[in-house]
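Summary of structural features
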Amino acid sequence: MEKRIYNFSAGPAVLPLEVLETAQRDLVALPGTGMSVLEMSHRSKGFEQIIEETEANLRQLLQIPANYQVLFLQGGATLQFSMLPLNFLRGTNRPSDYIVTGTWGIKAAKEAQREGEVCLVWDGKSTNYRRVPHQNELKLNSEATYVHFTSNETIEGVEFSETPNTGNVPLVCDMSSDFLARPLPMERYGLIYAGAQKNAGPAGVTVVIIRDDLLARVPDNLHTMLDYRIQAKNKSLYNTPPTFSIYIVMLVTRWLKQTIGGLSNIAALNQQKAQLLYEAIDQSDGFYRGHAQPDSRSMMNVTWRLPTPELEQQFVKEAQGRDLYELKGHRSVGGIRASIYNAMPLAGILALRDFMLEFQASHAEMK
Ligand SMILES: *Cc1c(COP(=O)(O)O)cnc(C)c1O
């Protein structure tokens, strides 16, 4: 096998080796079916088992109550930016509340503006998206049709450590980059969506978890594919779903259950991994400067700067010599970003931490 490097890409991102090996082993003939999952009808018994196990695994891991539906849709999290206001804002004469803590939240709010009133109830722009708000800073509208937030801003590396309280107004979350990273108080959410390619699988499938009372609010006459109610009624099989992507999500959720032992365990591991990098930043005498404020730091995307853009470039380049790849920050913010999703092994974090210490030792005098 070709050697694998440590891949710190923000997405599509690292997957558990075990998952890749199972997919490889079973690619030509899925046990019990005599054909590849790539060749299998989405209406076949074989695929029915795959989509049912994927849903069951998600329900078990996240302890999703029976009054929520689990959907597997296409179009990425980006299509959810539109689908959400189409289903719940259009024609309501009520506002929607958006808590904006970074780039993805801005994009979500922009799409909603096409369908109705959007209140930016908190916007981190003035602090350059370095932190998330405290509950007491949120001036929410009790009349809002929903409140939207982004639990983890993948580009800036800021993450909510607690679920915002929105009273009776349904809470909607773009959880693309920290989905399945920790246990959730599911009953506090009305709708969660997550593109799989960050933390749950490959590109091509977006998981949507939606409470029944929200489904009941969907207006008639929406375009079929954009109607959550139709997708739920057809169990995500109105048209051909991304079968292979769903299969990989099945293997990832199986890995979380069987190898990791559930979301509390992965959360503890994620905490430990992030801590190692943040310690290296905090103990660097200012050579490394974290982007996020300490109380808003992401456990998934660690973002920081070096004294100069030239040193940042050199850092990224030299890191590759240690098999540490994809560390360049997003083009919109610059600096360094290490995406350390569930599947990034501790060994990769230790290798990065050691490299950070060495790089600092050999370049700190240039500060
Ligand atoms: C990557 C990402 C998106 C966009 O996902 P696509 O699948 O490319 O549409 C949206 N929100 C967050 C938080 C993301 O990390």
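Because the structure is predicted, anything quoted here is derived from the model rather than measured.

Looking only at helices and strands, one finds 10 helices and 14 strands in the protein chain. Over its C-alpha trace the protein chain gives a radius of gyration of 21 Å, about what one expects of a compact globule, namely 21 Å for 367 residues. When its C-alpha atoms are laid out on the principal axes, the protein chain stretches across 65 × 55 × 30 Å. Relative to its 367 residues, the protein chain shows a buried fraction of 54%. Put simply, 68% of the contacts in the protein chain that link residues at least 6 apart link residues at least 24 apart. For the protein chain, the accessible area works out to roughly 16300 Å², and carbon and sulfur atoms hold 49% of it. For the protein chain, the distance from the average site of its 36 positive side-chain charges to the average site of its 39 negative ones is 2 Å.

Here we take up the sheet that holds strand 14 (residues 336–339). Taken in spatial order, the three strands line up as 11-12-14 in an open sheet, and their pairing is antiparallel. The open sheet has two free edges, formed respectively by strand 11 (289–290) and strand 14, since each of these has just one partner strand. Two strands pair when backbone bridges link them, and strand 12 (residues 301–305) and strand 14 are joined in this way by four bridges, in the antiparallel orientation. Looking at the pairing, Asn301 lines up with Ser339 of strand 14. Here helix 8 (residues 263–282) sits on the sheet and contacts strand 11, strand 12 and strand 14; the angle it forms with strand 12, its principal contact strand, is near 10°.

Looking now at helix 2 (residues 45–62). The terminal C-alpha atoms of helix 2 lie 26 Å apart, and with 18 residues this matches the ideal 26 Å at 1.5 Å per residue to within 8%. Those residues of helix 2 that fall on the buried side of the exposure criterion are Gly46, Phe47, Ile50, Ile51, Thr54, Glu55, Asn57, Leu58, Leu61 and Leu62. Looking one or two residues beyond helix 2, the residue adopting positive phi is Gln63, at roughly 50°.

What follows concerns the site of the ligand. Around the ligand, 13 residues are found, and the nearest of them are Thr78, Thr154, Asp174, Gln197 and Lys198. Contact between the ligand and Thr154: an oxygen atom at 2.4 Å from a side-chain N or O atom of the residue. Residue Gln197 places a side-chain N or O atom 2.9 Å away from an oxygen atom belonging to the ligand. Within the complex, the protein chains bury 86% of what would otherwise be the 390 Å² of accessible surface of the ligand. Here the element with the most residues in the shell around the ligand is helix 3 (residues 76–88); it accounts for four residues.

Moving on to the pairing of strand 5 (residues 147–150). Consecutive side chains of a regular strand alternate in pointing toward one face of the sheet and then the other. The side-chain alternation of strand 5 yields two buried faces, one formed by Val147 and Phe149 and the other by His148 and Thr150. In this structure, strand 5 lies alongside strand 8 (residues 171–174), joined through four bridges in parallel fashion. In the sheet register, Thr150 faces strand 8, and the bridge partner there is Asp174.

This brings us to the environment of Asp174. Note on placement: Asp174 falls in strand 8. Through-space distance from the C-alpha of Asp174 to that of Val208 is 9.6 Å; in sequence the pair is 34 residues apart. What Asp174 contacts, discounting residues up to four positions off in sequence, is Ala77, Phe81, Trp104, His148, Phe149, Thr150, Ser151 and Tyr193. Side-chain polar atoms of Asp174 contact the side chain of Ser176, separated by 2.8 Å.

Let us now look at the packing of helix 1 (residues 17–25) against helix 7 (residues 243–260). For any two helices packed against each other, one specifies the crossing angle of their axes together with the interaxial distance. As a packed pair, helix 1 and helix 7 sit with axes 9 Å apart at the nearest point and diverge in direction by 130°. When the interaxial angle is binned, helix 1 and helix 7 end up oblique. Remark: the crossing between helix 1 and helix 7 carries right-handed chirality. Side by side, helix 1 and helix 7 meet where Glu18, Val19, Thr22 and Ala23 of the first sit next to Tyr247, Ile248, Leu251, Val252, Trp255 and Thr259 of the second. Its residues placed into classes, the contact of helix 1 with helix 7 shows seven nonpolar, two polar and one charged.

Domain boundaries in the protein chain define domain 1 (6–16 + 261–366) and domain 2 (17–259). Once you take the C-alpha centre of each, domain 1 and domain 2 turn out to be 26 Å apart. Taken together, the 32 residues of domain 1 in the interface contact 37 residues of domain 2. A buried area of about 2700 Å², summed over both sides, lies between domain 1 and domain 2, and 57% of it is on carbon and sulfur atoms. Counting the surface domain 1 buries against domain 2, the share from its top three residues, Pro16, Leu263 and His291, is 28%. Summed over the shared surface of domain 1 and domain 2, the number is zero salt bridges. In this structure, the connection of domain 1 to domain 2 is made through 23 residue pairs in polar contact (both at pLDDT 80 or more).

A word on the environment of Asp295. Its place among the elements puts Asp295 in the loop between strand 11 and strand 12. A polar contact of 3.1 Å, which involves the side chain of Asp295, links it to the side chain of Ser296.

Along its 18 residues, helix 10 (residues 346–363) runs 26 Å from first to last C-alpha, staying within 8% of the 26 Å computed at 1.5 Å per residue. For helix 10, every residue scored as buried is listed here: Gly348, Ile349, Leu352, Phe355, Met356, Phe359, Gln360 and His363. The buried residues of helix 10 occupy an angular sector of 130° when the element is viewed end-on, so they sit on one face. Each element contacted by the buried residues of helix 10 is listed here: strand 1 (6–7), helix 8, strand 12, helix 9 (309–320), strand 13 (324–325) and strand 14.

Reading the values: rules and limits
- Residues numbered from 1 in each chain as written.
- Predicted model: local features only at pLDDT ≥ 70, side-chain atom pairs only at ≥ 80, totals over all residues.
- Heavy atoms only, no water.
- Helix = DSSP H or I, 4+ residues; strand = E, 2+ residues; numbered from the N terminus.
- Rg over C-alpha atoms; globule rule 2.2 N^0.38 Å.
- Buried < 20%, exposed > 50% of the residue type's maximum accessible area, 1.4 Å probe, protein only.
- Contact = heavy atoms within 4.5 Å.
- Areas by Shrake-Rupley, 256 points an atom, 1.4 Å probe, with all protein chains shown as cover.
- Lys, Arg positive; Asp, Glu negative; His and termini not counted.
- Charge placed at Lys NZ, Arg CZ, Asp CG, Glu CD.
- Pairing = 2+ DSSP bridges.
- Axes fitted to C-alpha atoms, helices over the stretch in contact; angles between N-to-C directions.
- Expected span 1.5 Å × (residues − 1).
- Near = heavy atom within 4 Å.
- Polar contact = N/O pair within 3.5 Å; in protein donor to acceptor, adjacent residues only side chain to side chain.
- Parallel < 35°, antiparallel > 145°, perpendicular 65-115°, else oblique.
- Left-handed = near helix turned anticlockwise from the far one by under 90°.
- Nonpolar A, V, L, I, M, F, W, Y, C, P; charged D, E, K, R; others polar.
- Domains from an automatic or database assignment.
- Buried area = accessible area lost by both parts, 1.4 Å probe.
- Salt bridge = Lys/Arg side-chain N within 4 Å of Asp/Glu carboxyl O.
- Arc of directions from axis to C-beta.

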